[in-house]
Amino acid sequence: MAAVYQALHRRASSLLCRLHSTYVRKMRYLNKLKEDDSLCRQAQTSGTFYLFHNLSPFLQKAGRKYLVPQLSAAEMRRILEKSPEAEQWMEESVLVGCSDEHIPHFALDLAGALEKSVIESELQGSFTDLQKALFVVDGKDSPLLASAQSLLRWHDSHQYCSKTGQPTQKNPAGSKRVCQASGITYYPQVSPVVITLVSDGSRCLLARQPSFPPGMFTALSGFCDVGETVEEAVRREVAEEVGLEVESLLYSASQHWPFPSGSLMLGCHALVGAQQAEISMDSLELEEARWFGLEEIVEGLKREPRSSKQDDGSSLPWFPPKQAIAHQLIREWVRQQSAQA
Ligand SMILES: NC(=O)c1ccc[n+]([C@@H]2O[C@H](COP(=O)([O-])OP(=O)(O)OC[C@H]3O[C@@H](n4cnc5c(N)ncnc54)[C@H](O)[C@@H]3O)[C@@H](O)[C@H]2O)c1
Ligand SMILES: [Mg+2]
């Protein structure tokens, strides 16, 4: 028995080691592409490209599925032949990842180069608003589309140095922009946002903003202030938005979120005292904030926006889909409550 166990253990370790080394090699290759401009330019000639137009990703419909096509460098050149400055446009691409075999993946926004309809008819697909695209593509493709769009958006809005007003130049990988006049290097910006599922031990607190679709409730969220820790931001946001004091909190997981312009969502669970659980809502930001019991949450998780609509025009509560970290926090809370029951 011990020998079988040892053999299994050895096999698992060697498998892990091989997996690990593929990952390590891949990360080191990506880092090299960011640092070595000529290597990155060379990699562009054998890489694949995700297309965007005005920050909307290009999708192709295959039956009931939506695919995110990757174009080869040769296909890119063929499409860009229709544009007067083809080479210059290729230079606008940004590195977004690579395969295990070290084929680099780039993203490129062709809004200035070609009409949307020209590319759509040539490649038999359509540029789709990211908010819709994230929910129709395969789960493994949505984080990539989200981070590629945030990076393209950052480049688009950082064309000039904020000190000298002179144009900034991107490096081939798109991991930074430099102002030659001032020597300032700009790096892509990420805004940390805390998202907190508040519980009083037996209920959880969800809220809605006036801009949300009817019936949708989610966990409390807010941008971190400069100089704040995650813990401080959670305590402040909960106090500001619902007037409660957090007693303890637990970090759960994080997620890149492309709205409004590239946030790092830091997901936490927070506990407030059951005796002091009276909500005092900030009505400037929120339209409704209330406690939900376990049963109501379980029912709400089964609902979709369409099935939440009632005959009188009102909507029953429903929660964000699985692609959003709010969904994961709510599911974790349900698991924890069910385990306690
Ligand atoms: N993925 C998810 O599950 C999920 C769930 C909820 C919210 N979110 C995201 O979290 C973000 C923040 O939530 P919120 O709106 O409640 O934040 P919030 O409570 O901090 O209020 C928003 C206000 O904060 C200010 N602000 C401060 N720093 C900002 C910055 N860097 N960018 C933009 N505004 C800034 C603005 O005045 C803005 O109106 C939203 O953009 C939303 O898309 C994601
Ligand atoms: Mg908020």
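See above for the structure.
First, a word on what this report is: a plain description of the structure on this page. Keep in mind it's a predicted model, so treat the numbers as computed, not measured. (Residues numbered from 1 in each chain as written. Chains lettered and ligands numbered in written order. Predicted model: local features only at pLDDT ≥ 70, side-chain atom pairs only at ≥ 80, totals over all residues. Heavy atoms only, no water.)

Considerations on the pattern of salt bridges
Logical step 1: Counted according to the given criterion, the structure contains 14 salt bridges.
Logical step 2: We note a salt bridge from R236 to E228, for which the minimum N-O separation is 2.5 Å. (Salt bridge = Lys/Arg side-chain N within 4 Å of Asp/Glu carboxyl O.)

Focus on the site of ligand 1
Logical step 1: The local shell around ligand 1 holds 18 residues, among which S221, F223, E241, E285 and A326 are the closest.
Logical step 2: Between ligand 1 and the protein, one listed contact pairs a nitrogen atom with a side-chain N or O atom of Q255 at 3.2 Å.
Logical step 3: Note that an oxygen atom of ligand 1 is positioned 2.9 Å from one of the side-chain N or O atoms of E285.
Logical step 4: In isolation ligand 1 has 850 Å² of accessible area, and contact with the protein removes 62% of it.
Logical step 5: Counting residues per element, the ones that place at least two in the shell around ligand 1 are β11 (191-199), β13 (220-223), α8 (230-242), β14 (246-257) and α10 (325-340).
Logical step 6: A per-class count over the shell around ligand 1 returns ten nonpolar, five polar and three charged. (Near = heavy atom within 4 Å. Polar contact = N/O pair within 3.5 Å; in protein donor to acceptor, adjacent residues only side chain to side chain. Areas by Shrake-Rupley, 256 points an atom, 1.4 Å probe, with all protein chains shown as cover. Helix = DSSP H or I, 4+ residues; strand = E, 2+ residues; numbered from the N terminus. Nonpolar A, V, L, I, M, F, W, Y, C, P; charged D, E, K, R; others polar.)

Quick word on the sheet that holds strand β10 (residues 185-186)
Logical step 1: An order of β8-β9-β10 is seen for the three strands of this open sheet, with the pairing classed as antiparallel. The sheet is open, and its two edges are formed by β8 (169-170) and β10, each paired on a single side.
Logical step 2: Note that β8 and strand β9 (residues 177-178) share two bridges and pair antiparallel. Bridge pairing links K170 to R177 in β9. (Pairing = 2+ DSSP bridges.)

Here's the deal with the nonpolar core
Logical step 1: One finds L51, M76, L80, L110, I119 and L123 to be the most contacted residues of the largest nonpolar core, which totals 26 residues.
Logical step 2: Elements with a minimum of two residues in this core: α1 (2-35), α2 (37-44), β1 (48-53), α3 (73-80), α4 (86-90), β5 (94-98), β6 (104-109) and α5 (116-123).
Logical step 3: In terms of residues, this core owes the most to one element, α3, which gives four residues.
Logical step 4: In terms of nonpolar packing, the next biggest core, distinct from the first, is built from 19 residues, A207, L220, A233 and L244 among them. (Core = buried A, V, L, I, M, F, W, Y, C linked by side-chain atoms within 4.5 Å. Buried < 20%, exposed > 50% of the residue type's maximum accessible area, 1.4 Å probe, protein only.)

A word on the coordination of the magnesium ion (ligand 2)
Logical step 1: Here the magnesium ion (ligand 2) is held by S221 (O), E241 (OE) and E285 (OE), and the distances to it run 2.0 to 2.2 Å.
Logical step 2: The class of E285 is partly exposed, set by a relative accessible area of 28%. (Donors = N, O, S within 2.8 Å, 3.2 Å for Na, K, Ca; no water.)

Quick notes on the packing of aromatic side chains
Logical step 1: Applying the stated rule across the entire model yields five aromatic pairs.
Logical step 2: Note on F49 and F106: the rings are 5.5 Å apart at their centroids and 25° apart in plane angle, and the pair reads as stacked. Remark: F106 occurs in strand β6 and F49 occurs in strand β1; sequence separation between them is 57 residues. Neither residue differs from the other here; F49 and F106 are each classed as buried.
Logical step 3: Seen from their ring centres, F292 and F319 are 5.9 Å apart, and the 85° between their planes marks the pair as edge-to-face. Taken together, the residues F292 in strand β16 (residues 288-293) and F319 in the loop between α9 (294-302) and α10 connect sequence positions 27 residues apart.
Logical step 4: Put simply, the rings of F217, F292 and F319 pair up and form one aromatic cluster.
Logical step 5: One residue, R290, lies across the ring of F217, its end atom 5.6 Å from the ring centre.
Logical step 6: We note R290 situated over the ring of F292; from NZ or CZ to the ring centre the distance is 4.0 Å. (Phe/Tyr/Trp six-rings, centres within 6.5 Å; stacked < 30°, edge-to-face > 60°. Lys NZ or Arg CZ within 6 Å of the ring centre and 35° of its normal.)

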